[in-house]
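This is what each chain is made of:
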Amino acid sequence: MKFWSGQRILERWNVPPTELASFIYQGLPAYKMEKGKILKMEPEEIHDFDSSHMTDLLFMRADIEDFEKANKLPTKDESDANNIELTAEEARELGRLRNEKNKWDSSIIAALHIGMYCSGLDHPITHDELTDVVYKIDDKIPDTTIDKMWKALPDKYRKGAGRPRKE
């Protein structure tokens, strides 16, 4: 269940607290937090609330959306932040950041797979072998990220250049 605050509803509908109270009288389900539990309020309990405390109430998102449809309430578009015009520079930056996020997500998955892969081996892994395994997971992970994975591996899993280590 997703709850919205009374403050959010007041802003969404751009109404004063007294009007929100009237909606509750008209059947809009409202909830209150009491001793860490969310309890449904009876409409007559609204008398106990000062209008400045309407922001303390909670409302279920589905109830709000149903009430809006049934009562044809105009709503403030809450996705305004997604509709802002970006400058060319901002759009490039946004694209770069989204690309970085995708690389980051993929790198975390690859690093986890590498850790599991190495723990199942009975011998240390070479840098080239690590690179091959990472590229099988995602061939778009940059070499610099693979180098970081290599350096993060415990020594017992890394086979360096030269003769084998003494155990």
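Shown above is the structure to which this text applies.
Just so you know, these numbers come straight off a predicted model, no measurement behind them.

Visitor: Could you clarify how one ought to interpret the overall build of the protein in this entry?
Guide: Helix and strand content of the protein: 6 helices and 4 strands. Secondary structure elements in the protein, listed N-terminal to C-terminal, are β-α-α-β-β-β-α-α-α-α. Residues counted as buried form 26% of the 167 residues belonging to the protein. Excluding contacts between residues fewer than 6 apart, the proportion of contacts in the protein whose partners are at least 24 apart in sequence is 59%. On the protein, roughly 11900 Å² of surface is accessible, and the fraction owed to carbon and sulfur atoms is 53%.

Visitor: Is there a simple way to explain the packing of helix α5 (residues 127-137) against helix α6 (residues 143-152) in this structure?
Guide: In helix packing, the relevant descriptors are the interaxial angle and the interaxial distance, both defined with respect to the helix axes. One way to put it is that α5 packs onto α6 with a least axis distance of 10 Å and a crossing angle of 120°. Considering the angle they form, α5 stands oblique to α6. Classified by chirality, the crossing of α6 by α5 is right-handed. Seen from α5, the contacting residues are His-127, Leu-130, Thr-131, Val-134 and Tyr-135; seen from α6, they are Asp-143, Ile-146, Asp-147, Met-149 and Trp-150. Considering only residue class, the contact of α5 with α6 consists of 6 nonpolar, 2 polar and 2 charged.

Visitor: Would you take a moment to explain the environment of Trp-150 for this structure?
Guide: The topology assignment puts Trp-150 in helix α6. Among residues more than four places away in sequence, those in contact with Trp-150 are Ile-125, Thr-126, His-127, Leu-130, Arg-158 and Lys-159.

Criteria and thresholds
Residues numbered from 1 in each chain as written. Predicted model: local features only at pLDDT ≥ 70, side-chain atom pairs only at ≥ 80, totals over all residues. Heavy atoms only, no water. Helix = DSSP H or I, 4+ residues; strand = E, 2+ residues; numbered from the N terminus. Buried < 20%, exposed > 50% of the residue type's maximum accessible area, 1.4 Å probe, protein only. Contact = heavy atoms within 4.5 Å. Areas by Shrake-Rupley, 256 points an atom, 1.4 Å probe, with all protein chains shown as cover. Axes fitted to C-alpha atoms, helices over the stretch in contact; angles between N-to-C directions. Parallel < 35°, antiparallel > 145°, perpendicular 65-115°, else oblique. Left-handed = near helix turned anticlockwise from the far one by under 90°. Nonpolar A, V, L, I, M, F, W, Y, C, P; charged D, E, K, R; others polar.

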